[in-house]
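Residues per chain are reported as follows:
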Number of protein chains: 2
Amino acid sequence: MSPLNILYAQSGGVTAVINASAAEVIRGARARRPQVGAILAARRGILGLIHEELVDTDSFDDAVLRQLARRPGGVFGSSRYDLPAVAEAPALYARIFAVLAAHRIGAFLYNGGNGSMDVVAKLSAEARTRGYPLVCIGVPKTVDNDIEGTDCCPGFGSAAKFLATSMLEAGLDIGSMAARVGRVFVMEVMGRNVGWLAAATALAARDTADGESDPDQPPHVVLLPEAGFDEARFLDRVREVVQRVGYCAITVAEGLTRDDGSPIMEQSRDAKGYVQLGGAGGVIARLIHERLGYKYHWAVPDYLQRAAGHWVSATDHAQAGAVGLAAVEYALAGRDGVMASIRRLADSPYRWEVVAVAAGAVANLERRLPEEFIHADGLHVSAEARSYLRPLIEGELPVPTAGGLPDYRPFRLPLLPKKLPAWPS
Amino acid sequence: MSPLNILYAQSGGVTAVINASAAEVIRGARARRPQVGAILAARRGILGLIHEELVDTDSFDDAVLRQLARRPGGVFGSSRYDLPAVAEAPALYARIFAVLAAHRIGAFLYNGGNGSMDVVAKLSAEARTRGYPLVCIGVPKTVDNDIEGTDCCPGFGSAAKFLATSMLEAGLDIGSMAARVGRVFVMEVMGRNVGWLAAATALAARDTADGESDPDQPPHVVLLPEAGFDEARFLDRVREVVQRVGYCAITVAEGLTRDDGSPIMEQSRDAKGYVQLGGAGGVIARLIHERLGYKYHWAVPDYLQRAAGHWVSATDHAQAGAVGLAAVEYALAGRDGVMASIRRLADSPYRWEVVAVAAGAVANLERRLPEEFIHADGLHVSAEARSYLRPLIEGELPVPTAGGLPDYRPFRLPLLPKKLPAWPS
């Protein structure tokens, strides 16, 4: 049997640990030589497959691989690209399979979110139709934690750790400032439709005896898209907290909507109709100021929350690596069309394993916070949510530095010589 | 001679290392017993002096002192309070000296910024007028780095390190995302009138051979209040950067003004006329979107930048401790009315020492970026600025953690029994 040539690609919004998956794909595949042949990575995600922009990762020595594993952002480049159905774009599929064939690629490992699992399923199906020998494997990744079929998503734990730490630290700051008038701090976190990252900030508060969030500690309120937004109830709570502890710290998911479904955030659309979100934090802060007269500060960590390589969760980093490693094994075992997924075995002490789930069964779904993770008052998370979240942010890794900053070195990514004519668009 | 009783208080906006100053005041004063007697700290800054809310720090054992030194926010509480002139508030001064006398306090160590040095000078002068034996010492602190008479301000280096790291990491994120349209990332940092923190983000870019910021690396543009804002020139630069590298990362100081002096940010005023700033980042991002059509993200780290105890500059932490320690020595030496200040001896390798400057000479001034720190094009910092900034963010400290978060324990701060009647307001 000829060796298996593997192509790895990154997709969608990147994370602080996406390259840990890449590094373990490469390391794991190298360890399986001679069954494995070439280990390639696509530039710009699937665009690199379409445009035949492929990197031979054999140019990375062990030191470079170690740097890769700790670098935030997508080293090979990522893109948001919705692969159309075969019937809509036959030439595009012909091109993709021409590139695969030109480089004799037998396994495609796609590191992405919900939409990426759809691509895995589509390419898998089309390969069978064409009789092309391809194993397609999904490697999950998203800070949003919204992929079905996995207990958690690599990338989430590190963003969650950064945000919980940020809420803890900002809470100590605002809590130490005496003032005659009430003060609020609002932190807007990522999550267009889901409240996983918002929920994670609850870990900044200590446990009560019942495993709930201590109501006197930041965040005092967590506004979740899944819980809706009852303005009067929210403002009552803020007033009550300020009267009790002097200030109030609030987390809001960027995609929070009012109970009638209208968004809290300010919206604008660009020329192509792409919705530019942003501003839920400012809207909530100003609402409090107008109604209750409190002073306010608001923060929007934005990219900082998904790129904080200086403060990743060791658990998350290990899981990102493990799904990459598993994907290689699945590829060698010919387990086409599966996603490497995390299964939780126990909360405390936390134990987990990697299992395969069908990519097609989870594609394009969106996992929202289950009802039992939302506190009965709709303004915070439950003890169950805390038990779920707690292990995901645990553990720290040493941070190599240079000049006071994380030592992220530039990567040389020479493209393989192209074998096909250029693809027009 | 009877032992010297010392009172320490925190003032104004807090920092990630303000408690390192507190810890070294306490440690240094303990080491000078029996010349030193009581070592007290005021709750809520100078309000604690007025209201006789005093903590005896002897309740802190060595382990608690170590925790104190690493905890962001002001453990004893801080406040923004402009002490009026004696003629305007004779009863208030009488009260302050009554509290000092009741606890036989002979030294007041005030940990704050420009305005706090004015308080040091005022209390020093009034003590002489009254013949009350008091030594007043300023301990500098501000993330804004705008105190005159010191090479840098404790608190700045850590905020600078956090922001430069954030720009570096967010830059890797946006730089890895391929897109057909240009993309920009705008990070709004603190600085109402001064651009020190904005300037510090330039360290995210590597040096060119001339010691300038590599023009291809984030941040590609740094908008400084001291440089003004020429919209056309700015947009030209953004377009040029996007055409060259595909995206553009921009730092903007919250207090940026247009060339006519009008602020960029959206403003609102609360009921007391306190200006609520915020929004320069969003305004700049939307401006780019409207004029150039690029997609945008913007971040506002807000409190996160001054509270990031998980990622402090070891240099900054050492300097915060050193000015606290020096203040104790100045107090014992009777050097009334001085501020402990950092003097730079060499850039590289960086060497510094602590010297005393007259608090009255630096009070209420505001140190802005010198002209030679601004790049000739007005859109970035100069090589000189980089040389100045570089050592201030250097060095890391281990972070004690629990459950994946920095292990910031609660502090017990029992108040000393009051000896005087309550102060009414």
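All figures in this text were calculated on a predicted structure; none of them were measured in a lab.

### A word on the sheet that holds strand S1 (residues 4-10) of chain A
Residue and element names in this part refer to chain A.
1) Next: Ordered in space as S3-S2-S1-S5-S6-S13-S14, the seven strands form an open sheet in which the pairing is mixed. Each edge of the sheet is formed by a strand with only one pairing partner; in this case those strands are strand S3 (54-56) and strand S14 (350-358). Strand-to-strand twist in this sheet, taken as the mean axis angle between neighbours without regard to direction, amounts to 30 degrees.
2) Next: Looking at chain direction, S1 and strand S5 (residues 105-112) are connected through six bridges and run parallel. Paired with Ala 9 across the bridge in S5 is Tyr 110.
3) Next: Contacting S1, strand S2 (36-42), S5 and strand S6 (135-140), helix H1 (residues 18-31) runs over the sheet at an angle of about 175 degrees to S1.
4) Next: Relative to the sheet, helix H11 (residues 314-332) contacts S1, S2, S5, S6, strand S13 (338-347) and S14, its axis offset from that of S14 by approximately 35 degrees.

### Focus on the sheet that holds strand S12 (residues 295-299) of chain B
Residues and elements named next belong to chain B.
1) Next: The strand order S8-S9-S7-S12 describes an open sheet built from four strands, whose pairing is parallel. Only two strands of the sheet have a single neighbouring strand rather than two, namely strand S8 (221-223) and S12. When strand polarity is set aside, the average angle formed by the axes of neighbouring strands in this sheet is 20 degrees.
2) Next: Packed on one face of the sheet, helix H8 (residues 231-245) meets strand S7 (183-189), S8 and strand S9 (247-253) and runs near 145 degrees to S9.
3) Next: Lying over the sheet, helix H9 (residues 280-292) contacts S7, S8, S9 and S12, oriented at roughly 160 degrees with respect to S7.

### A word on the confidence of the model for chain A
Do not read the fine detail of predicted coordinates wherever pLDDT is low.
Residue and element names in this part refer to chain A.
1) Next: Averaged over all residues, the pLDDT of chain A equals 95, while 97% of them reach at least 70.
2) Next: In this model, residues 268-272 is a region of pLDDT below 50 whose contacts with residues beyond four sequence positions or in other chains number 10 contacts.
3) Next: In the predicted complex, the global pTM is 0.97; the interface-specific ipTM is 0.97.

### Remarks on the packing of helix H4 (residues 90-102) of chain A against helix H5 (residues 114-130) of chain A
A pair of packed helices is characterised by two quantities: the angle between their axes and the separation of those axes.
All names here are of chain A.
1) Next: Here H4 crosses H5 at 80 degrees, and the two axes come no closer than 12 Å. The orientation of H4 with respect to H5, classified from their angle, is roughly perpendicular. Taken together, the residues of H5 that come into contact with H4 (itself represented by Pro 90, Tyr 93, Ala 94, Ile 96 and Phe 97) are Lys 122, Leu 123, Glu 126, Ala 127 and Arg 130.
2) Next: Here the residues of the contact of H4 with H5 sort into seven nonpolar, no polar and three charged.

### Comments concerning helix H3 (residues 62-69) of chain A
Residue and element names in this part refer to chain A.
1) Next: The complete set of buried residues in H3 reads Leu 65, Leu 68 and Ala 69. What you see down the axis of H3 is that its buried residues fit within an arc of 95 degrees, all on one side.
2) Next: Along its buried surface, H3 packs onto H1 and H11.
3) Next: Put simply, Asp 61 is the residue that caps the front of H3, since its side-chain oxygen is 3.1 Å from the backbone nitrogen of Ala 63.

### Focus on the relation of the copies chain A and chain B
1) Next: Screw-axis analysis of chain A against chain B gives a translation of 0.0 Å along the axis, an RMSD of 0.0 Å, and a rotation angle of 180 degrees. Viewed as a symmetry operation, the transformation between the two copies matches a two-fold axis. Identified as the residue of chain A closest to the rotation axis by C-alpha distance is Val 300 of chain A, at 2.4 Å.
2) Next: Same-surface contact between copies: 100% of interface residues of chain A are shared with the interface of chain B.

### A look at the side chain of Asn 19 of chain B
Residue and element names in this part refer to chain B.
1) Next: Position of Asn 19 relative to the elements: it lies in helix H1 (residues 18-31).
2) Next: A residue is classified by how much of its surface remains accessible, and Asn 19, at 0% relative accessible area, is buried.
3) Next: Within the local environment of Asn 19, its side chain forms a polar contact with the backbone nitrogen of Val 75, the two atoms lying 3.1 Å apart.
4) Next: When neighbours within four sequence positions are excluded, Asn 19 is seen to be in contact with Gln 10, Leu 68, Ala 69, Arg 71, Pro 72, Gly 73, Gly 74 and Val 75.

### Re the packing of aromatic side chains
One pair of aromatic rings is described through two measures. These are the centre distance and the angle between the planes.
1) Next: Enumeration over the complete set of coordinates arrives at 21 aromatic pairs over all chains.
2) Next: For the pair Phe 185 of chain A and Tyr 303 of chain B, a centre-to-centre distance of 5.3 Å together with 45 degrees between the ring planes defines the contact as tilted. Of the two residues, Phe 185 of chain A sits in strand S7 (residues 183-189) while Tyr 303 of chain B sits in helix H10 (residues 303-307), which places them in two different chains. Assigned by exposure class, Phe 185 of chain A and Tyr 303 of chain B land together as buried.
3) Next: Judged by centre distance (5.4 Å) and plane angle (40 degrees), the rings of Phe 373 of chain B and Tyr 388 of chain B are tilted. Here Phe 373 of chain B, found in the loop between helix H12 (359-362) and helix H13 (383-389), pairs with Tyr 388 of chain B, found in helix H13; they are 15 residues apart in sequence, far enough to count as distant.
4) Next: The class for Phe 373 of chain B is buried, based on a relative accessible area of 12%.

### A word on the environment of Ala 29 of chain A
1) Next: One can find Ala 29 of chain A in helix H1.
2) Next: Counting along the chain gives 13 residues from Ala 29 of chain A to Ala 42 of chain A, while the straight-line C-alpha distance between them is 16 Å.

### Quick notes on the pairing of S7 of chain B
Residues and elements named next belong to chain B.
1) Next: Buried residues dominate S7, accounting for seven of its seven residues.
2) Next: By the alternation rule, side chains of S7 split into Arg 183, Phe 185, Met 187 and Val 189 and Val 184, Val 186 and Glu 188, which are all buried.
3) Next: Pairing of S7 with S9, which is carried by seven bridges, proceeds in the parallel orientation. Of the residues in S9, the one forming a bridge with Arg 183 is Tyr 247.

### Quick look at the packing of H1 of chain B against helix H11 (residues 314-332) of chain B
Residue and element names in this part refer to chain B.
1) Next: In the contact formed by H1 and H11, the axes pass within 7 Å of each other and the chain directions differ by 40 degrees. Taken as axis vectors, H1 and H11 run oblique relative to one another. Between H1 and H11 the crossing geometry is right-handed. Each of Ala 20, Ser 21, Glu 24, Val 25, Gly 28 and Ala 29 in H1 lies in contact with H11, whose residues at this interface are His 317, Ala 320, Gly 321, Val 323, Gly 324, Leu 325 and Val 328.
2) Next: Its residues placed into classes, the contact of H1 with H11 shows seven nonpolar, five polar and one charged.

### Points about the environment of Gly 113 of chain A
Residue and element names in this part refer to chain A.
1) Next: Its location among the elements puts Gly 113 in the loop between S5 and H5.
2) Next: With relative accessibility at 13%, the residue Gly 113 sits in the buried group.
3) Next: A C-alpha to C-alpha distance of 9.6 Å links Gly 113 and Glu 366, two positions 253 residues apart in sequence.

### Description of the side chain of Lys 161 of chain A
1) Next: In this structure, Lys 161 of chain A sits in helix H6 (residues 156-176).
2) Next: Taking the relative accessible area as the measure of exposure, Lys 161 of chain A reaches 0% and is therefore buried.
3) Next: Separated by 2.9 Å, the side chain of Lys 161 of chain A and the backbone oxygen of Gly 404 of chain B make a polar contact.
4) Next: The contact partners of Lys 161 of chain A, leaving out residues within four places of it in the chain, are Trp 311, Val 312, Ser 313, Ile 393, Glu 394, Gly 395 and Glu 396 of chain A together with Gly 404 and Leu 405 of chain B.

### Quick look at helix H4 (residues 90-102) of chain B
Residues and elements named next belong to chain B.
1) Next: The first and last C-alpha atoms of H4 sit 18 Å apart over 13 residues, in line with the 18 Å expected at 1.5 Å per residue.
2) Next: For H4, the complete set of buried residues consists of Leu 92, Tyr 93, Arg 95, Ile 96, Phe 97, Val 99 and Leu 100.
3) Next: Residues of H4 that are buried in the fold lie against helix H2 (46-50), strand S3 (54-56), strand S4 (105-112) and helix H5 (114-130).
4) Next: With its phi angle positive at about 50 degrees, Arg 104 sits one or two positions after the end of H4.

How each quantity is defined
Throughout, a residue's number is its position along its own chain's written sequence, starting from 1. Written order decides the labels, with chains lettered from A and ligands numbered from 1. Local features in this predicted model are restricted to residues of pLDDT 70 or higher, and side-chain atom pairs are both shown and tallied only at a pLDDT of 80 or more, whereas totals for entire chains, interfaces and linings draw on every residue. Heavy atoms throughout the structure, all of them, feed into the side-chain values; hydrogens and water do not. Strand pairing requires that DSSP identify at least two bridges connecting the strands. The way it works is that DSSP assigns letters per residue, a run of H or I at least four long becomes a helix, a run of E at least two long becomes a strand, and they are numbered from the N terminus. Axes, fitted as lines to C-alpha atoms, cover a helix only where it is in contact. Angles between the N-to-C directions of the axes lie from 0 to 180 degrees. Contacts are assigned to residue pairs with any non-hydrogen atoms lying within 4.5 Å of each other. Per-residue confidence from the predictor is reported as pLDDT, a score between 0 and 100. The cut-offs work like this: below 35 degrees is roughly parallel, past 145 is roughly antiparallel, 65 to 115 is roughly perpendicular, and the gaps in between are oblique. For this scheme, ten residues count as nonpolar: Ala, Val, Leu, Ile, Met, Phe, Trp, Tyr, Cys and Pro. Four count as charged, namely Asp, Glu, Lys and Arg, and the remainder, Gly too, count as polar. Here the term buried applies to any residue with accessible area under 20% of the maximum for its type, exposed to any over 50%, and partly exposed to those in between, with areas from a 1.4 Å probe on protein chains only. Arc, as used here, means the arc of the directions from the helix axis to the C-beta atoms. Between N or O atoms, a polar contact is any pair within 3.5 Å; within protein, one atom must be a potential hydrogen donor and the other a potential acceptor, and residues adjacent in sequence are included only when both atoms are from side chains. Superposition of the copies was done by least squares, using only C-alpha atoms of residues whose pLDDT is at least 70 in both. Within 6.5 Å between ring centres, the rings of Phe, Tyr and Trp (the latter by its six-membered ring) count as paired, and their orientation is classed by plane angle as stacked under 30 degrees, edge-to-face over 60, tilted in between. Here a crossing is called left-handed whenever its near helix is offset anticlockwise from the far helix by less than a right angle, and right-handed whenever the offset is clockwise. Residue count minus one, scaled by 1.5 Å, sets the expected span of a helix.

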